Amino acid sequence: MNLTVLKKFFILLLLTIILKSVTVWSSDLEKIKIIKEEIYLDKISFFNFKNEAIKIKDEQIEYYILNFWASWCAPCIKEMESLNELKNNLSEVKILSVSQDADLNDAKNFFNRNSYDNIEKYYDYDKNTSKNFSLRGLPTTFIFTKNLKALAKVEGIIQWDSDAFINWLKKN
């Protein structure tokens, strides 16, 4: 068989695999999975960068976005801007980020280099917070309602400030 024909065959095979791959073409909304278990945000301990316990409940808030991330995680870093912008677009949303970095200083340095003022910053000192959620990878984000009940989960990155997500959130 001619080498050129063999190359064309492999290119065609590769394109077929890519085009049939659901994950390549999945929309952000397809990544949102509704949670059926009873998970409540007020049953979870949150600690700021000074290791102080923080209560999350806020009467003005309709939705809480709880994002598990790390400074070494490229997709986490990529989606941070859209999480920050989501708060600009929806004042009734509270963005909670929980760093999974091994060293608190890595998380602090990340936020010192980047001005994400709309994101509340927490650190998972003993990794007990993340254990409540059985994380399979980062980023993993949970969406909670006003009554602090988990609504949905996103594993991986989405465009949080997109019109599609904002419309989805308002409908749920």
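To be clear, the structure that these remarks concern was listed above.
Description of the structure in this document. Treat the numbers as computed from the prediction; the structure is a model and nothing was measured.

## A few points about the state of the cysteines
- Scanning the model with the defined rule gives 1 disulfide in all.
- Two residues share a disulfide in this structure: Cys73 and Cys76, whose sulfurs sit 2.4 Å from each other. Taking the torsion about the S-S bond as the criterion, the Cys73 to Cys76 disulfide, at about 75°, is right-handed. Like Cys76, Cys73 is buried.

## Describing the environment of Phe133
- Mapped onto the elements, Phe133 comes out in the loop between helix H5 (128-131) and strand S7 (140-145).
- Residue Phe133 is classed as buried on the basis of its relative accessible area of 5%.
- Through-space distance from the C-alpha of Phe133 to that of Ile39 is 8.8 Å; in sequence the pair is 94 residues apart.

## Considerations on the sheet that holds strand S8 (residues 150-155)
- Strand order in this open sheet of 6 strands is S1-S8-S7-S4-S5-S6, and the pairing throughout is mixed. Lying at the two open borders of the sheet, with one neighbouring strand each, are strand S1 (32-34) and strand S6 (119-123). On average, each strand axis in the sheet is tilted by 25° relative to the strand beside it, whichever way the strands run.
- The sheet strands contacting helix H3 (residues 74-89) are strand S4 (63-69), strand S5 (93-99), S6 and S7, and the helix crosses S4 at an angle near 165°.

## Digging into the nonpolar core
- Of all hydrophobic cores here, the largest spans 31 residues; its most connected members are Ile65, Leu86, Ile143, Trp160 and Phe165.
- Among the secondary structure elements, those contributing two or more residues to this core are S4, H3, S5, helix H4 (104-113), S6, S8 and helix H6 (163-171).
- Ignoring anything within four residues of it in the chain, the contact list for Leu86 reads Ile65, Val93, Ile95, Trp160, Asp161, Phe165 and Ile166.
- In this structure, Leu41, Tyr64, Val98 and Ala150 belong to the second largest nonpolar core, which totals 18 residues.

Here is what the cut-offs are and how they apply
- Residues numbered from 1 in each chain as written.
- Predicted model: local features only at pLDDT ≥ 70, side-chain atom pairs only at ≥ 80, totals over all residues.
- Heavy atoms only, no water.
- Disulfide = S-S within 2.5 Å.
- Buried < 20%, exposed > 50% of the residue type's maximum accessible area, 1.4 Å probe, protein only.
- Helix = DSSP H or I, 4+ residues; strand = E, 2+ residues; numbered from the N terminus.
- Pairing = 2+ DSSP bridges.
- Axes fitted to C-alpha atoms, helices over the stretch in contact; angles between N-to-C directions.
- Contact = heavy atoms within 4.5 Å.
- Core = buried A, V, L, I, M, F, W, Y, C linked by side-chain atoms within 4.5 Å.

By themselves, these figures tell us nothing about what the structure is for.
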